[in-house]
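Structure assessment
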Amino acid sequence: MIRKNVAEILSHHVTFELEAIDRFAVTQGVDLVTFEKGQRKDDVAHKYLATFAGDEGVLFIGKAQEKASVFRTEKRRDAQGKTYPWIIRSTARPHHYYVYILDRDFGPLFIKFCSYFPYAAKLCLNGHEWLKRQLTQREVPFEPLDNGIRSTEAPARVQRIADTLDAAKIDAVFRKWLRRLPHPFAPAHRVAGYRYQLSILQAEFALTQVLDRPRTGRCFFEEVIRENLDLGRPDQMQLIFDRRVTRRTPGRFRTRVLTEGVVPSLHVEYKKSKVKQYHKEGQALRTETTINDTYDFEIGRALRNLPALREIGFAANRRL
């Protein structure tokens, strides 16, 4: 009976989500796009964003079949030989739905829903886009840079505004769109206490140092690469992340110089996290620390740990 109930619940949720998303797309006049294999989802999103007329709304919904960690039931036998269901962790390739959104305060973002139990969801947003929206709303003049600010006459004020982006605002925008979008947790489930809680899967912290003479920037950055080829050594990683590195510290310690087209970039790794440095748009030296596992720094994954991760990420950029 338990096994049957679990199967019914799984079937109900999957059917509910498929039908609800189809209804939402029709009633809201939103395109439901099936992503092709190898297609860059961001390219599709940029096309819809370029033609979107409003200041807020759903741009489109994308569908893709992707690998996911799921729970299944399997049949087991007890000591008397009677069968019973057992829930196990497994993998599958269910449909995922990418809801691409333009938010009034955060700009472009997307929420990704998995259609199979436990119905994981992912929120992906860009703090630079949030900052640009805040500056525009406050009528603070600035020159934009892709994922950054090129210049402003009020840098101190811009930095103060940037520092106000916190876990509460991120959680609020997630809840805001959950109230508007179809998703697996129906009102009855939410009343019973079943709801999404945000955790940090990946966080990127950037330092953008704009050059006064951009035309000499490439020469400058090539010197930076030359002087930093030993960054990947354990003793250097210990300085950059302010953490002790021993023989038991996991990960490969190395420096990589990668070139995309004619643009070189410098990469170093610490456990599952990494630091990247490159010459951005011919105008700035960009340093990015990406934390892919908060446990690298003995910090939990809950969104409330964002302030501690900010300290680590921004400090690593400054030390490098």
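The present account deals with the structure reproduced in this document. (Residues numbered from 1 in each chain as written. Predicted model: local features only at pLDDT ≥ 70, side-chain atom pairs only at ≥ 80, totals over all residues. Heavy atoms only, no water.)

**Digging into the packing of helix H3 (residues 127–137) against helix H4 (residues 155–162)**
The condition is simple: Fitted lines through C-alpha atoms give the axes, limited to the stretch in contact for helices. The angle between two N-to-C directions lies from 0 to 180 degrees. The numbering of helices and of strands both runs from the N terminus, where a helix is a DSSP run of H or I of at least 4 residues and a strand a run of E of at least 2. An angle below 35 degrees is treated as roughly parallel, one above 145 as roughly antiparallel, one from 65 to 115 as roughly perpendicular, and anything else as oblique. Crossing handedness is read from the near helix: turned anticlockwise from the far helix by less than a right angle, it gives a left-handed crossing, and turned clockwise, a right-handed one. Residue contacts are counted whenever heavy atoms from the two residues lie within 4.5 Å of one another.
The geometry of H3 relative to H4 is characterised by a closest axis approach of 10 Å and an angle of 120° between their N-to-C directions. Between H3 and H4, the interaxial angle falls into the category oblique. Between H3 and H4 lies a crossing whose hand is right-handed. On the side of H3, the interface is formed by Trp130, Leu131, Gln134 and Leu135, while H4 contributes Val158, Ile161 and Ala162.

**A few points about the packing of helix H8 (residues 234–241) against helix H9 (residues 306–319)**
Stated precisely, the cut-off is as follows: When residues are grouped by polarity, Ala, Val, Leu, Ile, Met, Phe, Trp, Tyr, Cys and Pro land in nonpolar, Asp, Glu, Lys and Arg in charged, and all others, Gly among them, in polar.
Interhelical geometry of H8 versus H9 gives an angle of 125° and a closest axis separation of 7 Å. Judged on the interaxial angle alone, H9 and H8 are oblique. Taking contact as the criterion, the partners of Leu239, Ile240 and Phe241 in H8 are, on H9, Ala315, Ala316 and Arg319. Looking at side-chain class alone, the contact of H8 with H9 contains five nonpolar, no polar and one charged residues.

**Some thoughts on the side chain of Gln283**
Heads up, the rule is: Burial status follows relative accessibility: with a 1.4 Å probe on protein chains alone, a residue under 20% of its type maximum counts as buried, one over 50% as exposed, and anything between as partly exposed.
Position of Gln283 among the secondary structure elements: in the loop between strand S13 (273–280) and strand S14 (284–291). On the basis of relative accessible area, Gln283 is assigned to the buried category, the value being 17%. In contact with Gln283, not counting residues within four places along its chain, are Leu145, Arg150, Val210, Leu211 and Pro214.

**Here's the deal with the pattern of salt bridges**
Cut-off, in case you're wondering: Salt bridges are identified by distance alone: a Lys or Arg side-chain nitrogen within 4 Å of an Asp or Glu carboxyl oxygen.
Taken as a whole, this structure holds 25 salt bridges when the rule is applied. One salt bridge in this structure joins Arg319 and Asp242, with 3.6 Å as the shortest N-O distance. Of the two residues, Arg319 sits in helix H9 while Asp242 sits in the loop between H8 and strand S11 (255–260), which places them 77 residues apart along the sequence. Here Arg256 ties to Glu269 by a salt bridge, and the two come within 3.4 Å at their closest N and O atoms.

**A short note on the sheet that holds strand S5 (residues 95–103)**
In a beta sheet, neighbouring strands pair by backbone hydrogen bonds and run either parallel or antiparallel. To be explicit about the condition: Pairs of strands are assigned from DSSP output, requiring at least two bridges between the strands.
With mixed pairing, five strands are arranged side by side in an open sheet as S1-S2-S5-S6-S7. Edge positions in the sheet fall to strand S1 (32–34) and strand S7 (121–125), since each of these pairs with one other strand and no more. Pairs of neighbouring strands in the sheet enclose a mean axial angle of 20°, with direction left out of account. Both S5 and strand S6 (residues 107–114) contribute to a ladder of eight bridges, which runs antiparallel. Its bridge partner being in S6, Leu102 is matched across the sheet by Pro108.

**Some points on the environment of Lys274**
Positionally, Lys274 belongs in strand S13. In this structure Lys274 comes out as partly exposed when scored by relative accessible area, which is 38%. Separated by 70 residues in the primary sequence, Lys274 and Glu204 have C-alpha atoms spaced 9.6 Å apart.

**Regarding the pairing of S13**
Across the eight residues that make up S13, a large majority, six, are buried. Sheet analysis places strand S12 (residues 263–270) next to S13, joined by six bridges and oriented antiparallel. Looking across to S13, one finds that Val268 is bridged to Val275. Counted between consecutive antiparallel strands, the loop separating S12 from S13 contains two residues, among which Lys271 sits at a positive phi close to 55°.

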